[in-house]
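Summary of structural features
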Amino acid sequence: MPVTLVVGGQWGDEGKAKIIDYLARGMDVVVRYQGGANAGHTVVVGNDRFAFRQVPSGILYPRVTCVLGGGMVIDPTALIEEIDEIAARGVDIEGRVLVSAQAHLVLPYHVLLDCESEDRREGGGIGTTRKGIAPAYADKARREGIRASDLTRSPADLRQLVAAHVKENNKILKLRGVKALSPAGVAEQILKARRRLAPMVTDTRPFLWQAVAGGKQVLCEGAQGSLLDIDHGTYPFVTSSSCTAGGAATGTGLPPAGFDAIVGIFKAYCTRVGNGPFPTEEKGTTGKRLREIGREYGTVTGRPRRCGWFDAVAARTVVKINGVTDIALTKLDVLDTFESVKVCTSYRLGKNTINVFPADARDVAALKPQYETLPGWEQTTTGSTLDDLPKRAMDYIRRLEELVECRIHLVSLGPERSAMLTLPRVGPLSSLSSV
Ligand code: IMP
């Protein structure tokens, strides 16, 4: 498969990094296509734990070139820190990180504006990661952003450009009661970043086209998840980028028809961090149990994640939006001790039965999930081979496939690289058009 795309199937934190790490061993290029330092992609290798934010998770494989795609918003100072941290842990990154000239930069005023708007919103705001993501994408859409290509300007030009943007944004900060930034100070910070990052900035599109044409294996790495997508998520409780498959085309410059496999990553249950509707959320002991067993605390912010049962209606909708060809199911082992497991198979909205994840977050908030209960397997699955996976665990997998209308190809049973099963392909599903 020359081009493989990995997308988050829920509200992020599905364990994408582990699957990307698994797939990346056979890749030549890994390209991130959206988001920025709001992501926290954790890879566990033996006793080492890496938490990637902006650098694609493929960096641990020496033959992989990592590309930060044009759909990203990059915090340059945080990127340098991340690169230095990775290098300090013995990973040779020299010449292996390319930054798209089209990517936008997150500047300090974006972070201040993100924090200010979170503090100002009633009811706790969106619950953003406070990394400046929405203001940076807003500037991109308003055509007032600074792009990575600007890092290749002369120092004098760049200083002038950054200082002018800071002055303009200081007016907004002042209006909102936030202390203004020093234009010269921010310009110096970006000039410092320029020295390190400018050599990595290039038009990454021809690089990717040539890689594909030359038969190289390319993996597109999604961040966040489909239900946080700016268009398809629970707006306004979403991130500001296109996390779904469409975003991979615009965020890399690779043509949509060129994706050979679209792998959707789904956790065996659901989690959400931040605010917004979550139909299958369990607020009592079940939610707490899932959180503790699954260690559901944010990588970027440390916030406890909200937890609940697998939502097959949302998952089926996500499979359709993305054209998912294969599913990787993660953290199945977290359910090992449950006496029974529940799956949401439809919703009630007033008097109606709903089989599609609604377009309007107010409807999502009003849904009453309808559940099917399956017996738990009450056996440890970590360390299982395909042959000794408990029958009831396999029944759960097969039932999810039916409900979601897509084959599950990979099953992850723990954070370690080795805790992964590949399921045999068992032919097409009989019904693919119930929605
Ligand atoms: P932002 O992307 O920081 O603007 O945050 C918007 C929403 O997306 C908030 O609910 C965040 O908690 C959520 N979010 C952003 N990045 C991630 C992620 O990597 N994992 C899970 N949730 C995320």
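Up top is the structure these notes are about.
First, a word on what this report is: a plain description of the structure on this page. (Residues numbered from 1 in each chain as written. Predicted model: local features only at pLDDT ≥ 70, side-chain atom pairs only at ≥ 80, totals over all residues. Heavy atoms only, no water.)

**Some details on the overall build of the chain**
A count of helical and extended segments in the chain gives twelve helices and 20 strands. Against the 2.2 N^0.38 benchmark of 22 Å for 435 residues, the chain shows a C-alpha radius of gyration of 22 Å, consistent with a compact globule. Once the C-alpha set of the chain is aligned to its principal axes, its extents read approximately 65 × 50 × 40 Å. For the chain, with 435 residues in total, the buried portion stands at 55%. Contacts in the chain between residues at least 24 apart in sequence constitute 76% of all its contacts with a sequence separation of at least 6. In the form shown here, the chain has an accessible surface area of approximately 18,100 Å², with 52% of it arising from carbon and sulfur atoms. (Helix = DSSP H or I, 4+ residues; strand = E, 2+ residues; numbered from the N terminus. Rg over C-alpha atoms; globule rule 2.2 N^0.38 Å. Buried < 20%, exposed > 50% of the residue type's maximum accessible area, 1.4 Å probe, protein only. Contact = heavy atoms within 4.5 Å. Areas by Shrake-Rupley, 256 points an atom, 1.4 Å probe, with all protein chains shown as cover.)

**Re the site of the ligand**
Around the ligand there are 16 residues in total, and Asp 13, Asn 38, Thr 129, Thr 239 and Arg 303 lie nearest to it. Thr 129 places a side-chain nitrogen or oxygen 2.5 Å from an oxygen atom of the ligand. Within the side chain of Arg 303, a nitrogen or oxygen atom sits 3.0 Å from an oxygen atom of the ligand. Taking 470 Å² as the accessible area of the ligand by itself, protein coverage stands at 97%. (Near = heavy atom within 4 Å. Polar contact = N/O pair within 3.5 Å; in protein donor to acceptor, adjacent residues only side chain to side chain.)

**Side note on the side chain of Thr 204**
The residue Thr 204 is located in helix α7 (residues 204-213) in this model. Sequence-distant contacts of Thr 204, defined by excluding residues within four places in its chain, comprise Val 67, Leu 98, Val 99 and Ser 100.

**Here's the deal with the nonpolar core**
The nonpolar side chains of soluble globular proteins are, as a tendency, buried together. By size, the foremost hydrophobic cluster in this structure holds 69 residues, and its most contacted members are Phe 310, Leu 332, Leu 335 and Tyr 396. Counting residues per element, this core draws most heavily on helix α12 (residues 391-404), which supplies seven residues. When near neighbours in sequence (up to four residues on either side) are disregarded, Leu 332 contacts Ala 268, Trp 377, Thr 381, Ala 393, Tyr 396, Ile 397, Val 411, Ser 412 and Leu 413. Of all hydrophobic cores here, the second largest spans 56 residues; its members include Ile 20, Ile 83, Ala 148 and Leu 158. (Core = buried A, V, L, I, M, F, W, Y, C linked by side-chain atoms within 4.5 Å.)

**Structural notes on the sheet that holds strand β2 (residues 29-32)**
Read from one edge of the open sheet, ten strands run β9-β7-β5-β2-β10-β1-β11-β15-β19-β20, paired in mixed fashion. Every interior strand has two partners, whereas the edge strands, β9 (201-202) and β20 (420-422), have only one. Packing against the sheet, helix α10 (residues 312-322) makes contact with β1 (3-8), β11 (261-267) and β15 (326-330), and its axis sits at approximately 160° to β11. (Pairing = 2+ DSSP bridges. Axes fitted to C-alpha atoms, helices over the stretch in contact; angles between N-to-C directions.)

**Re α7**
All of the buried residues in α7 are Thr 204, Leu 208 and Ala 211. End-on, the buried residues of α7 take up no more than an arc of 60°, which puts them together on one face. Away from its buried face by more than 90 degrees, α7 exposes Gln 210 and Ala 213. Close packing links the buried residues of α7 with β2, β5 (65-68), β7 (97-100), β9 and β10 (218-221). One or two positions beyond α7, positive phi appears at Gly 215, with a value near 80°. (Arc of directions from axis to C-beta.)

**Some words on the packing of helix α3 (residues 108-120) against helix α4 (residues 133-141)**
Where α3 meets α4, the axes come as close as 7 Å, and the angle between the chain directions of the two elements is 120°. In terms of their interaxial angle, α3 and α4 are classed as oblique. With respect to the hand of their crossing, α3 and α4 are arranged in right-handed fashion. Of the residues in α4, those touching α3 at Tyr 109, His 110, Leu 113 and Asp 114 are Ile 133, Pro 135, Ala 136 and Asp 139. (Parallel < 35°, antiparallel > 145°, perpendicular 65-115°, else oblique. Left-handed = near helix turned anticlockwise from the far one by under 90°.)

**Let's talk about the pattern of salt bridges**
Following the criterion strictly, the structure yields 27 salt bridges and no others. Residue Asp 21 pairs with Arg 417 through a salt bridge whose shortest N-O separation is 2.7 Å. Residue Asp 21 is found in helix α1 (residues 16-24), and its partner Arg 417 is found in the loop between β19 (408-412) and β20; the two are separated by 396 residues along the sequence. As a salt-bridge pair, Lys 171 and Glu 168 come within 3.1 Å of each other at their nearest N and O atoms. Of this pair, Lys 171 and Glu 168 are both found in helix α5 (residues 155-175), three residues apart, which corresponds to roughly one turn of the helix. Classification of Glu 168 by relative accessible area gives partly exposed; the value is 44%. One network of salt bridges, in which partners are shared, links Asp 13, Lys 267, Glu 296, Arg 305 and Lys 331. (Salt bridge = Lys/Arg side-chain N within 4 Å of Asp/Glu carboxyl O.)

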